[in-house]
Amino acid sequence: QKEVEQNSGPLSVPEGAIASLNCTYSDRGSQSFFWYRQYSGKSPELIMFIYSNGDKEDGRFTAQLNKASQYVSLLIRDSQPSDSATYLCAVNTGGRDDKIIFGKGTRLHILP
Amino acid sequence: DAGVIQSPRHEVTEMGQEVTLRCKPISGHDYLFWYRQTMMRGLELLIYFNNNVPIDDSGMPEDRFSAKMPNASFSTLKIQPSEPRDSAVYFCASRSGTGWFYAGNTIYFGEGSWLTVV
């Protein structure tokens, strides 16, 4: 059973601090990795995408990938109350598979 | 451009009734996915189609669930008979192209169908 694991939280971070979200995956063949943000009562929306080892930065967001450790993380700098949401890690299931599977998500709460 | 359109947005039904959820993917998208989200199990992939053909239905929980895609612009997910444990948010999503290596091939989600079976 291919899995994506995340700490469910809630993770509470003071406004202006760095929020660090982590994810591990079981399928060594996975090639593409995604972070989605989901506000309560809304659908998931893509915020970051990474497929190479290392860091990828986009504004206040940095995704980090370590394929050897099967580990993906998301850093949010200068956290804002509007960042309070559930963050879903997703990976493709490897090989030529065209589907992606999701972790259960980490609830992030930014404290004003 | 219109996004993925789902209907109904909310449905409350009695146990044993048939439920049909509908989805219109983004025009031109080749792939359509049905996911189910609950607090306990998170976001689970039920089935996905490529060019209207079901590719993987291994996530469909049991024979009470069925999905069809008669054409490129319409798909249905049917539950018959429905049970209280089917209560969840059902998301339809679509994307274009092959391979995951480009941001343009991301999955776009509809707003979801909130199903309550009593």
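Report follows, based on the coordinates. (Residues numbered from 1 in each chain as written. Chains lettered and ligands numbered in written order. Predicted model: local features only at pLDDT ≥ 70, side-chain atom pairs only at ≥ 80, totals over all residues. Heavy atoms only, no water.)

### As for the state of the cysteines
Tallied over the full model, the rule gives two disulfides over all chains. Across the disulfide from Cys23 of chain A sits Cys89 of chain A; the S-S distance is 2.1 Å. Residues Cys23 of chain A and Cys89 of chain A are joined by a disulfide whose S-S torsion is about -70°; by sign, that bridge is left-handed. Residue Cys23 of chain A is found in strand 3 (residues 19–25), and its partner Cys89 of chain A is found in strand 9 (residues 85–92); the two are separated by 66 residues along the sequence. Of the two residues, Cys23 of chain A and Cys89 of chain A, both sit in the buried class. One disulfide bridge connects Cys23 of chain B with Cys92 of chain B, the sulfur atoms lying 1.9 Å from each other. Across the S-S bond linking Cys23 of chain B and Cys92 of chain B, the dihedral sits near -70°, which makes this disulfide left-handed. Here Cys23 of chain B is found in strand 3 (residues 19–24), whereas its partner Cys92 of chain B is found in strand 9 (residues 88–95), with 69 residues between them in sequence. The pair Cys23 of chain B / Cys92 of chain B is uniform in exposure class, with both members buried. (Disulfide = S-S within 2.5 Å. Helix = DSSP H or I, 4+ residues; strand = E, 2+ residues; numbered from the N terminus. Buried < 20%, exposed > 50% of the residue type's maximum accessible area, 1.4 Å probe, protein only.)

### Considering the sheet that holds strand 3 of chain A
All names here are of chain A. Read across the sheet, five strands follow the order 1-3-8-7-6 without closing on themselves; strand pairing throughout is antiparallel. Lying at the two open borders of the sheet, with one neighbouring strand each, are strand 1 (4–5) and strand 6 (54–58). As judged from the two bridges shared by strand 1 and strand 3, these two strands associate in the antiparallel manner. In the strand pairing of strand 3, Glu5 is matched with Thr24. (Pairing = 2+ DSSP bridges.)

### Describing the pattern of salt bridges
Inspection of every chain in the model, using the stated rule, returns 13 salt bridges over all chains. With its nearest N and O atoms 3.1 Å apart, the salt bridge here joins Arg37 of chain A to Glu45 of chain A. Take Arg37 of chain A: its relative accessible area is 15%, and that puts it in the buried class. By relative accessible area, which is 33% here, Glu45 of chain A ends up partly exposed. By sharing partners, the salt bridges in this structure join Glu62, Arg64, Glu83, Arg85 and Asp86 of chain B into a single network. (Salt bridge = Lys/Arg side-chain N within 4 Å of Asp/Glu carboxyl O.)

### Observations concerning the pairing of strand 7 (residues 61–66) of chain A
All names here are of chain A. As defined by bridge partners, strand 6 adjoins strand 7 across five bridges and the pair is classed as antiparallel. Looking at the pairing, Lys56 lines up with Ala63 of strand 7. The turn joining strand 6 and strand 7, which pair antiparallel and follow one another in sequence, is formed by two residues; a positive phi near 65° is taken by Gly59. Between the end of strand 7 and the start of strand 8 (residues 71–76), which pair antiparallel, lie four residues, with Gln70 showing a positive phi angle near 55°.

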